[in-house]
Amino acid sequence: MRQVITEREEVHRMSSKNKTEVLIDGKIYTLSGYESEEYLQRVATYINNKLAELKKLDGYARLSQELKSILLELNVADDYFKAKNQVEMVEEELAQKDQELYDLKHELISTQIKLEDAAKELEAKGITARVLDMHTIKPLDEQAIDGLLDRKLLVTVEEHSVIGGLGGAVAE
């Protein structure tokens, strides 16, 4: 039988605290929070892994419990700030990529307007021109190229090596 969860039940489930027992450093603790039990277990695993790292350090066993706790807290804070810094760097990179994309879109629109204006100027002089954007040559849009074969002159403009490019494909 399929269980149907109403919106009210879903809101209640999301707003109610989860409790789960976890094992941290050989002791059982009950954690509670609005996060899933799986998440709470992952937090406990993270702490256990940090403790295991610290226990490998020379002299750790001789430290007082207070110093062990401070060392754990410092390591967790270090991980937090490193992760936060990494997020900030990714966000900055994303913002740069967004700006680059914005600039490229505007450059493309500007180029399209220039091409349309050039085509109008040529048409005013009795020359029929057509611009075909071939953003990729693999797979080659042979049907689009076949539509241009009745032209007296066919010019390709590329921004890479002409060897093996669009000009070669059209010539074939």
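Structure's up top.
Conventions we followed
- In every chain, residue numbers begin from 1 and rise along the written sequence.
- This being a predicted model, a pLDDT of at least 70 is required before a residue's local features are given, and a value of 80 or more before pairs of side-chain atoms are given or counted; all residues contribute to the totals for chains, interfaces and linings.
- In computing side-chain values, all of the structure's heavy atoms are included and hydrogens and water are not.
- What counts as a helix is a DSSP run of H or I of at least four residues, what counts as a strand is a run of E of at least two, and both are numbered from the N terminus.
- Radius of gyration means the value over C-alpha atoms here, while the globule rule gives 2.2 Å times the residue count to the 0.38 power.
- Only protein chains enter the accessibility calculation, which uses a 1.4 Å probe; a residue is then buried when its area is under 20% of its type maximum, exposed when over 50%, and partly exposed in between.
- For this analysis, a nonpolar core means a set of buried residues of the types Ala, Val, Leu, Ile, Met, Phe, Trp, Tyr and Cys, connected via side-chain atoms within 4.5 Å.
- Polar contact is defined as a pair of N or O atoms within 3.5 Å, subject to the rule that within protein one atom must be able to donate a hydrogen and the other to accept it, and that residues adjacent in sequence are counted only when both atoms are side-chain atoms.
- Throughout, a residue-residue contact means that at least one pair of heavy atoms, one from each residue, lies within 4.5 Å.
- Any Lys or Arg side-chain nitrogen located within 4 Å of an Asp or Glu carboxyl oxygen qualifies as a salt bridge.
- Put simply, a patch holds well-exposed residues, over 30% relative accessible area, that have no salt bridge, with like charges counted together within 9 Å and Val, Leu, Ile, Met, Phe, Trp or Tyr side chains within 5 Å.
- Computed by Shrake-Rupley with a 1.4 Å probe, the accessible areas treat only the displayed protein chains as cover when residues are assessed.
- Positive charge is attributed to Lys and Arg, negative charge to Asp and Glu, and no charge count is given to His or to the chain ends.
- Positions of charges follow a simple convention, taking NZ of Lys, CZ of Arg, CG of Asp or CD of Glu.
- Pairing between strands requires that DSSP locate at least two bridges from one strand to the other.

1. Structural notes on the overall build of the protein
Next up, step 1: Assigned secondary structure in the protein consists of five helices and two strands.
Next up, step 2: Ordering the α and β elements of the protein from the N terminus gives α-β-β-α-α-α-α.
Next up, step 3: Taking 2.2 N^0.38 as the reference for a compact globule, 172 residues should give roughly 16 Å; the C-alpha atoms of the protein span a radius of gyration of 32 Å, well beyond that estimate.
Next up, step 4: Considering only C-alpha atoms, the protein reaches an extent of 90 × 55 × 30 Å along its principal axes.
Next up, step 5: In the protein, which comprises 172 residues, the share counted as buried stands at 11%.

2. Structural notes on the nonpolar core
Next up, step 1: The biggest cluster of nonpolar side chains holds eight residues, and these are Val22, Ile24, Ala44, Ile47, Leu51, Leu54, Tyr60 and Leu72.
Next up, step 2: Taken together, the elements giving at least two residues each to this core come down to strand S1 (18-24) and helix H2 (37-55).
Next up, step 3: Residue contributions to this core peak at four residues, all from H2.

3. Thoughts on the side chain of Thr20
Next up, step 1: Secondary-structure assignment places Thr20 in strand S1.
Next up, step 2: For Thr20, the side chain forms a polar contact with the side chain of Gln41, separated by 3.2 Å.
Next up, step 3: When near neighbours in sequence (up to four residues on either side) are disregarded, Thr20 contacts Tyr29, Thr30, Leu31, Glu37, Leu40 and Gln41.

4. Some points on unusual backbone geometry
Next up, step 1: In this structure, Asp25 takes a positive phi of about 55° despite not being glycine.
Next up, step 2: For Asp25, the position within the fold is in the loop between S1 and strand S2 (27-33).

5. Some thoughts on the pattern of salt bridges
Next up, step 1: Across all of its chains, the model carries four salt bridges by this definition.
Next up, step 2: Here Lys50 makes a salt bridge to Asp79, at a shortest N to O gap of 2.8 Å. Residue Lys50 is located in helix H2, and its partner Asp79 is located in helix H3 (residues 65-124); the two are separated by 29 residues in the primary sequence.
Next up, step 3: Under the relative-accessibility criterion, Asp79 is labelled partly exposed at 26%.
Next up, step 4: Salt-bridge contacts for Lys82 lead to Asp78; the nearest nitrogen and oxygen are separated by 3.1 Å.

6. Quick word on a negative patch on the surface
Next up, step 1: A cluster of like negative charges, contributed by Glu100, Asp103, Glu107 and Glu159, occupies part of the molecular surface.
Next up, step 2: As for its position among the elements, Glu107 is in helix H3.

7. Section: the pairing of S1
Two faces make up the sheet, and in a regular strand the side chains alternate between them.
Next up, step 1: Of the strand pairs in this sheet, S1 and S2 are connected by seven bridges, and their pairing is antiparallel. For Asn18, the partnering residue across the bridge sits in S2 and is Gly33.
Next up, step 2: Two successive antiparallel strands, S1 and S2, enclose a turn made up of two residues, where Asp25 displays a positive phi of approximately 55°.

8. Some words on a nonpolar patch on the surface
Next up, step 1: Together, Leu63, Leu67, Ile70 and Leu74 line one region of the surface with nonpolar side chains, adding up to about 330 Å² of accessible area.
Next up, step 2: For Leu67, the position within the fold is in helix H3.

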